[in-house]
Amino acid sequence: MSAPVIIIGSGLAAYNLAREFRKLDKTSALMLVSRDHAGFYSKPMLSNALSANKSAEQLIMKTADKMAEELNATILPHTTVVSIDVEHQEVVLGDDTILPYRDLVLALGADPIRLPLNGQAAAAVLSVNDLDDFTQFNRQLDGARRVAILGAGLIGCEFANDLLARDITPIVIDPATWPLSRLLPPEAGAYLAQKLSDAGVQFHWGVTAHSVETVDAGLQVTLSDQSSLVVDLVLSAVGLRARTELAAAAGLSVNRGVVVNQYLQTSQPHVYAVGDCAEVLGLNLPFVFPIMQQARALAATLAGTETSVKYPAMPVMVKTPACPTVVAPPALGAVGEWHVEPSETGMLAKFSAADGRLLGFALLGSATAQRQALTPDLPVVLA
Ligand SMILES: Cc1cc2nc3c(=O)[nH]c(=O)nc-3n(C[C@H](O)[C@H](O)[C@H](O)COP(=O)(O)OP(=O)(O)OC[C@H]3O[C@@H](n4cnc5c(N)ncnc54)[C@H](O)[C@@H]3O)c2cc1C
């Protein structure tokens, strides 16, 4: 049998690619190797699982066995790839097994960034970036009343909103002065903060966490302004960093992610990258929609028709039911201005160029209804 297409990973990038590939090629050998359980689940559900009343087990839509059957693929769960030999087209597993590949796809994801924290309980700080993390988080939430969240970005705000479903007070800490500060203009940020506060979220703006200590009543978090708070749990949500180590060690070009061209090819033949680990022509966009575009393009390439990935405008829905929000941030370095129109029930913020062209938007509350109408006016992200 000829060497398989090997995909490393079993997240949305790996499985979407495998599915798209099987639509085009029913027979070539296909293998997925993942260091986790390799069950199929939707990672975005992790930050609304509490209000959706789902346990970690219930979040698994299909087991690895079921996926293997459906995809006519070999799936190796709990199997770590420790190195790649690009010259011989082989990957090496943790137990020294060597697997040859026809083509290799890195779908390795990203690691949560950990802030350097002082204090003897710094290691107790959790982050939730996969199902196993969620299991642990969910377990530790039992009996918790107050949870500190480091970071008021997308994921921090979503978890804060979700914790309200458990009657827990989320206390969000961020060095900026409004939530989603890199995606929203200040007025829109203030609106979102107000809605989340009304729903029960507390915020500490303009500060960072400095240390975490165990005290009798729980965990004491000391902030950069010397104030402190006592909570039951600390969740860190300060951002992600693409997993590039394996690629770098194999001599592939890496930057913020594994560097790929518009065909999702790395700097080595027969090696590709998709999902959160990939940097496509300088763009590392850790969201589901770009993954779908990548999966379709790369599946075609792997099935014999070289196809470049294209990104249309891709607004992101923020899962904060206390204030429904959709953001399409302007491209980095885009020149323009925000124009904000508040209404009784929401806020419409448009980022436009001097000539009036729409370059980005943020829609809050009732303004989210304008998403469909405005999206076609946005510039494409990658032509
Ligand atoms: C809480 C949360 C909420 C989110 N909400 C949204 C949302 O609403 N909308 C949206 O668009 N995006 C959202 N995202 C982002 C989205 O979930 C990610 O972009 C996407 O899931 C990334 O998929 P991936 O397959 O690239 O990475 P991952 O899902 O991280 O998969 C990486 C895989 O690689 C495996 N792996 C890594 N290293 C090795 C190795 N050496 N050997 C073997 N296997 C290895 C891992 O086990 C894993 O299976 C959210 C993310 C989080 C954390």
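Residues numbered from 1 in each chain as written. Predicted model: local features only at pLDDT ≥ 70, side-chain atom pairs only at ≥ 80, totals over all residues. Heavy atoms only, no water.

- The name recorded for the protein in an unreviewed UniProt entry is FAD-dependent oxidoreductase, from Deefgea chitinilytica.
- According to its UniProt record, the protein has this under Cofactor (unreviewed entry): "FAD". (UniProt positions renumbered as here; feature names shortened; annotations may be inferred.)

## What to know about unusual backbone geometry
Step number 1: With phi around 55°, Gln 89 is a residue other than glycine that occupies positive phi space.
Step number 2: With respect to the helices, strands and loops of the structure, Gln 89 is situated in the loop between strand 4 (81–85) and strand 5 (90–93).
Step number 3: The exposure class assigned to Gln 89 is partly exposed, which follows from its relative accessible area of 24%.
Step number 4: Even without a glycine there, the phi angle at Asp 96 is positive, about 75°. (Helix = DSSP H or I, 4+ residues; strand = E, 2+ residues; numbered from the N terminus. Buried < 20%, exposed > 50% of the residue type's maximum accessible area, 1.4 Å probe, protein only.)

## As for the site of the ligand
Step number 1: Around the ligand there are 33 residues in total, and Ala 13, Asp 36, Asp 276, Val 288 and Lys 319 lie nearest to it.
Step number 2: Measuring from an oxygen atom of the ligand, one finds a side-chain N or O atom of Asp 36 at 2.9 Å.
Step number 3: In the model, an oxygen atom of the ligand is placed 3.5 Å from a nitrogen or oxygen of the Leu 108 main chain.
Step number 4: Elements with a minimum of two residues in the shell around the ligand: helix 1 (12–24), helix 5 (154–163) and helix 8 (288–302).
Step number 5: Considering every element that reaches the shell around the ligand, the biggest residue donor is helix 5, with three residues.
Step number 6: Among the residues making up the shell around the ligand, the classes are represented as 16 nonpolar, 10 polar and seven charged. (Near = heavy atom within 4 Å. Polar contact = N/O pair within 3.5 Å; in protein donor to acceptor, adjacent residues only side chain to side chain. Nonpolar A, V, L, I, M, F, W, Y, C, P; charged D, E, K, R; others polar.)

## Here's the deal with the pairing of strand 5
Step number 1: Pairing geometry for strand 4 and strand 5, over four bridges, is antiparallel. Within strand 5, the position partnered with Val 81 by the bridge is Leu 93.
Step number 2: Strand direction decides the pairing type here: strand 5 and strand 6 (residues 98–100), joined by three bridges, are antiparallel. Bridge pairing in strand 6 links Val 92 to Ile 98.
Step number 3: Following strand 5, the chain reverses through four residues before pairing antiparallel with strand 6; Asp 96 in that reversal takes a positive phi of roughly 75°. (Pairing = 2+ DSSP bridges.)

## Re the sheet that holds strand 3 (residues 74–76)
Step number 1: Pairing within the open sheet is parallel, and its five strands lie in the order 3-2-1-7-18. Taken across any chain shown, the strands that pair with only one partner, and hence form the sheet edges, are strand 3 and strand 18 (271–273). Ignoring strand direction, the axes of neighbouring strands in this sheet form an average angle of 15°.
Step number 2: Pairing analysis gives four bridges linking strand 1 (residues 5–8) to strand 2 (residues 30–33), with the strands arranged parallel. When the sheet's bridge partners are listed, Ile 8 is paired in strand 2 with Val 33.
Step number 3: Sitting on the sheet, helix 1 is in contact with strand 1, strand 2, strand 3 and strand 7 (103–106), with an inclination near 175° to strand 2. (Axes fitted to C-alpha atoms, helices over the stretch in contact; angles between N-to-C directions. Contact = heavy atoms within 4.5 Å.)

## A word on helix 8
Step number 1: With 15 residues, helix 8 extends 21 Å from end C-alpha to end C-alpha; this agrees with the ideal 21 Å at 1.5 Å per step.
Step number 2: In terms of burial, helix 8 is largely enclosed, as 11 of its 15 residues are buried.
Step number 3: Residues Pro 290, Ile 291, Gln 293, Gln 294, Ala 295, Ala 297, Leu 298, Ala 299, Ala 300, Thr 301 and Leu 302 constitute the buried set of helix 8.
Step number 4: Residues of helix 8 that are buried in the fold lie against strand 1, helix 1, strand 7, strand 18 and strand 19 (278–280).
Step number 5: In the segment just after helix 8, Gly 304 is the residue with positive phi, at about 115°. (Expected span 1.5 Å × (residues − 1).)

## Focus: the state of the cysteines
Step number 1: Counted by the stated rule, this structure contains zero disulfides.
Step number 2: Free of any disulfide, Cys 157 has its nearest neighbouring cysteine sulfur in Cys 323, separated by 9.9 Å.
Step number 3: For Cys 157, a relative accessible area of 1% corresponds to the buried category. (Disulfide = S-S within 2.5 Å.)

## Side note on the sheet that holds strand 14 (residues 228–231)
Step number 1: Taken in spatial order, the three strands make up an open sheet running 12-13-14, and their pairing is antiparallel. Each edge of the open sheet is held by one strand with a lone partner, namely strand 12 (209–215) and strand 14. Neighbour to neighbour, the strand axes of the sheet diverge by 25° on average, direction disregarded.
Step number 2: Sheet topology note: the strand 13 (residues 218–223)/strand 14 ladder contains four bridges and is antiparallel. Within strand 14, the residue paired with Gln 220 across the bridge is Val 230.

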